[in-house]
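One-letter residues, chain by chain:
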Amino acid sequence: LSDWSSDVCSSDLQALNTDALYSQVLDPLRKLDQGLADFQSGKGSGGDMLATTKQYEDMRAQVADLTKSVSNLRGNDSIKGDAAYGSWTRQVESIIEQVNNVNAMPMISNTVAYEQMQGMVQELQTTVKEFREDPRKFLRLKVF
């Protein structure tokens, strides 16, 4: 057992002392470092986000505008008061009542009345068309 542990330890120590293990660890770190440097300098996709602060400043201005809008909205009397809410509620109830009254009308709820109105409109269209084609047919003047 002592021979095996000494063999493992000495082989591990030898691997640590060689350039192969060192370059195996160092190469990915160098590639990562180069990639980050390229990204920060604006090379590659999305690198310009870190190269300038313009997008950050634009986003910050938009958030400030949104915050200002929300605070103005909160300060609005129509949002703060119960009177405004009550007024809105009454207006909506009035609109609902008007829609219900229109829906309750016999002309809307009854298909017979609708069909009669449709027939009258069609007859009127036919009469107007005939009048346009031959107005003398409808205009007769009688003098005693």
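Residues numbered from 1 in each chain as written. Predicted model: local features only at pLDDT ≥ 70, side-chain atom pairs only at ≥ 80, totals over all residues. Heavy atoms only, no water.

Helix and strand content of the protein chain: eight helices and zero strands. Ordered by position in the sequence, the α and β elements of the protein chain form the string α-α-α-α-α-α-α-α. Within the structure as shown, the protein chain displays about 13400 Å² of accessible surface, and the carbon and sulfur contribution to it stands at 59%. (Helix = DSSP H or I, 4+ residues; strand = E, 2+ residues; numbered from the N terminus. Areas by Shrake-Rupley, 256 points an atom, 1.4 Å probe, with all protein chains shown as cover.)

Before going further, it helps to examine the pattern of salt bridges. Any two side chains of opposite charge can pair, on the condition that their charged atoms come close. Evaluated as defined, the whole model comprises one salt bridge. As a salt-bridge pair, Glu130 and Lys137 come within 3.8 Å of each other at their nearest N and O atoms. Judged by relative accessible area, which is 43%, Lys137 ranks as partly exposed. (Salt bridge = Lys/Arg side-chain N within 4 Å of Asp/Glu carboxyl O. Buried < 20%, exposed > 50% of the residue type's maximum accessible area, 1.4 Å probe, protein only.)

Attention now moves to a nonpolar patch on the surface. Nonpolar side chains collect at one region of the surface, where Val25, Leu29, Leu32 and Leu36 lie side by side and expose about 390 Å² of accessible area between them. Here Leu29 is to be found in helix H2 (residues 19-41). (Patch = residues over 30% accessible without salt bridge, like charges linked within 9 Å, V, L, I, M, F, W, Y side chains within 5 Å.)

So, on to the confidence of the model for the protein chain. Confidence in the prediction for the protein chain averages 75 pLDDT; 69% of positions are at 70 or higher. Across the protein chain, the secondary-structure element scoring lowest on mean pLDDT is helix H1 (residues 2-17), at 54, and the one scoring highest is helix H8 (residues 111-133), at 87. (pLDDT = per-residue confidence, 0-100.)

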